[in-house]
Amino acid sequence: MTRSSSNRIQTRCRMSVVEHFILLSRYNADMNRKLYDAAAQLPAGELTADRKAFFGSLAGTLNHLLAGDTIWLKRFSTHPAAFPALQATQELPPPSGLTHSFGDRLPPLRAYREKLDAIISAFTPQLTAADLAHTFEYRSTRGDVYRKEFGLVLLHFFNHQTHHRGQASTLLTQAGADFGVTDLLLWVPDL
């Protein structure tokens, strides 16, 4: 894409970048509700059944999403903007890694998911364009140091959730549960 075509795209867009992240947080929370609603319809044992997925079972995938989100939100809380919504992450125990288990029972997993989604939904309206442009430094779970544009790291955060919800949707389908429509387009406002 040339610089001039990029500028044309920006001038035609009616939503700010911050509004895009607010939209992604709404979509994220709604999709997670649908995911847990569908998982609640599964017969006993299906949540933990090994389906040969990357994280084994649906419970393993849900746990990975909770661990990843907790790790990222705790990292985001170190941003110089000191987002008030992210202060709640300080009381969350740090996961032992990306395969950390929060358990294999749906009610406590769902309660933790709802807590994280409430934090995310309160956090995104606190963003500014300057916050998103900030060079954000963080350590990976292996201890490697990275410096990246905060807005792009935040985009990865939402993309990661969508990726693994897609895996969870497949696992639900394999177990006979219908997850329903997942297209972001349904959350995009009409003009």
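Residues numbered from 1 in each chain as written. Predicted model: local features only at pLDDT ≥ 70, side-chain atom pairs only at ≥ 80, totals over all residues. Heavy atoms only, no water.

Quick look at the overall build of the protein chain
Line of reasoning, step 1. Scanning the protein chain from N- to C-terminus turns up six helices and two strands.
Line of reasoning, step 2. Overall, the protein chain shows an N-to-C arrangement of helices and strands of α-α-α-α-α-β-β-α.
Line of reasoning, step 3. Over its C-alpha trace the protein chain gives a radius of gyration of 18 Å, about what one expects of a compact globule, namely 16 Å for 191 residues.
Line of reasoning, step 4. Here the C-alpha coordinates of the protein chain stretch approximately 55 × 40 × 30 Å along the principal axes.
Line of reasoning, step 5. Taken over 191 residues, the protein chain has a buried fraction of 43%.
Line of reasoning, step 6. For the protein chain, the exposed surface amounts to about 10,500 Å²; the carbon and sulfur share of it is 55%. (Helix = DSSP H or I, 4+ residues; strand = E, 2+ residues; numbered from the N terminus. Rg over C-alpha atoms; globule rule 2.2 N^0.38 Å. Buried < 20%, exposed > 50% of the residue type's maximum accessible area, 1.4 Å probe, protein only. Areas by Shrake-Rupley, 256 points an atom, 1.4 Å probe, with all protein chains shown as cover.)

Some thoughts on the pattern of salt bridges
Line of reasoning, step 1. Tallied over the full model, the rule gives nine salt bridges.
Line of reasoning, step 2. Several salt bridges share partner residues, and in doing so they unite Asp37, Arg110 and Glu114 into one network. (Salt bridge = Lys/Arg side-chain N within 4 Å of Asp/Glu carboxyl O.)

Focus: the nonpolar core
Line of reasoning, step 1. Counting residues in hydrophobic clusters, the biggest one holds 46 residues, and the most contacted among them are Leu58, Phe76, Phe123, Leu127, Leu154 and Leu172.
Line of reasoning, step 2. Mapped by element, the contributors of at least two residues to this core are helix H2 (17–40), helix H3 (58–76), helix H4 (106–123), strand E1 (135–139) and helix H6 (150–174).
Line of reasoning, step 3. Among the elements that make up this core, the one with the highest residue count is H2 (ten residues).
Line of reasoning, step 4. With near-sequence residues (within four places) excluded, Leu58 lies in contact with Ala39, Leu42, Leu47, Ala168, Leu171 and Leu172. (Core = buried A, V, L, I, M, F, W, Y, C linked by side-chain atoms within 4.5 Å. Contact = heavy atoms within 4.5 Å.)

Points about the packing of H3 against H6
Line of reasoning, step 1. Across the interface, H3 lies against H6 with an axial gap of 9 Å and an inter-helix angle of 170°. In terms of their interaxial angle, H3 and H6 are classed as roughly antiparallel.
Line of reasoning, step 2. Split into classes, the residues belonging to the contact of H3 with H6 amount to twelve nonpolar, seven polar and two charged. (Axes fitted to C-alpha atoms, helices over the stretch in contact; angles between N-to-C directions. Parallel < 35°, antiparallel > 145°, perpendicular 65-115°, else oblique. Nonpolar A, V, L, I, M, F, W, Y, C, P; charged D, E, K, R; others polar.)

Examining the side chain of Lys74
Line of reasoning, step 1. With respect to the secondary-structure elements, Lys74 resides in helix H3.
Line of reasoning, step 2. Buried and without a salt bridge, Lys74 has Glu91 as its closest oppositely charged side chain, separated by 9.4 Å.
Line of reasoning, step 3. There is a polar contact of 2.8 Å between the side chain of Lys74 and the backbone oxygen of Thr89.
Line of reasoning, step 4. Excluding residues that lie within four positions of it along the chain, Lys74 makes contacts with Thr89, Gln90, Leu92, Pro93 and Pro94. (Lys, Arg positive; Asp, Glu negative; His and termini not counted. Polar contact = N/O pair within 3.5 Å; in protein donor to acceptor, adjacent residues only side chain to side chain.)

A short note on the environment of Ser96
Line of reasoning, step 1. Tracing the backbone shows Ser96 in the loop between H3 and H4.
Line of reasoning, step 2. A distance of 3.0 Å separates a polar atom in the side chain of Ser96 from a polar atom in the side chain of His100.

Some words on the packing of aromatic side chains
The relation between two aromatic rings is expressed through the spacing of the ring centres and the mutual angle of the planes.
Line of reasoning, step 1. Enumeration over the complete set of coordinates arrives at 16 aromatic pairs.
Line of reasoning, step 2. Look at Trp72 and Phe76: their rings are 5.6 Å apart centre to centre, the planes differ by 35°, and that puts the pair in the tilted class. Of this pair, Trp72 and Phe76 are both found in helix H3, four residues apart, which corresponds to roughly one turn of the helix.
Line of reasoning, step 3. Here Phe76 and Phe150 contribute two aromatic rings whose centre-to-centre distance is 5.2 Å and whose plane-to-plane angle is 80°, an arrangement assigned as edge-to-face. Highlighted residues: Phe76 in helix H3 and Phe150 in helix H6, separated in sequence by 74 residues.
Line of reasoning, step 4. You can call Phe76 buried: its relative accessible area is 0%.
Line of reasoning, step 5. One aromatic cluster in this structure is built from Phe21, Trp72, Phe76, Phe83, Phe123, Phe136, Tyr138, Tyr146, Phe150, Phe157 and Phe158.
Line of reasoning, step 6. Directly above the ring of Phe179 sits Lys34, whose terminal nitrogen or CZ lies 5.9 Å from the centroid.
Line of reasoning, step 7. Over the aromatic face of Trp72 sits the side chain of Arg75, whose NZ or CZ is 4.4 Å from the ring centroid. (Phe/Tyr/Trp six-rings, centres within 6.5 Å; stacked < 30°, edge-to-face > 60°. Lys NZ or Arg CZ within 6 Å of the ring centre and 35° of its normal.)

In short, geometric facts, not functional conclusions.
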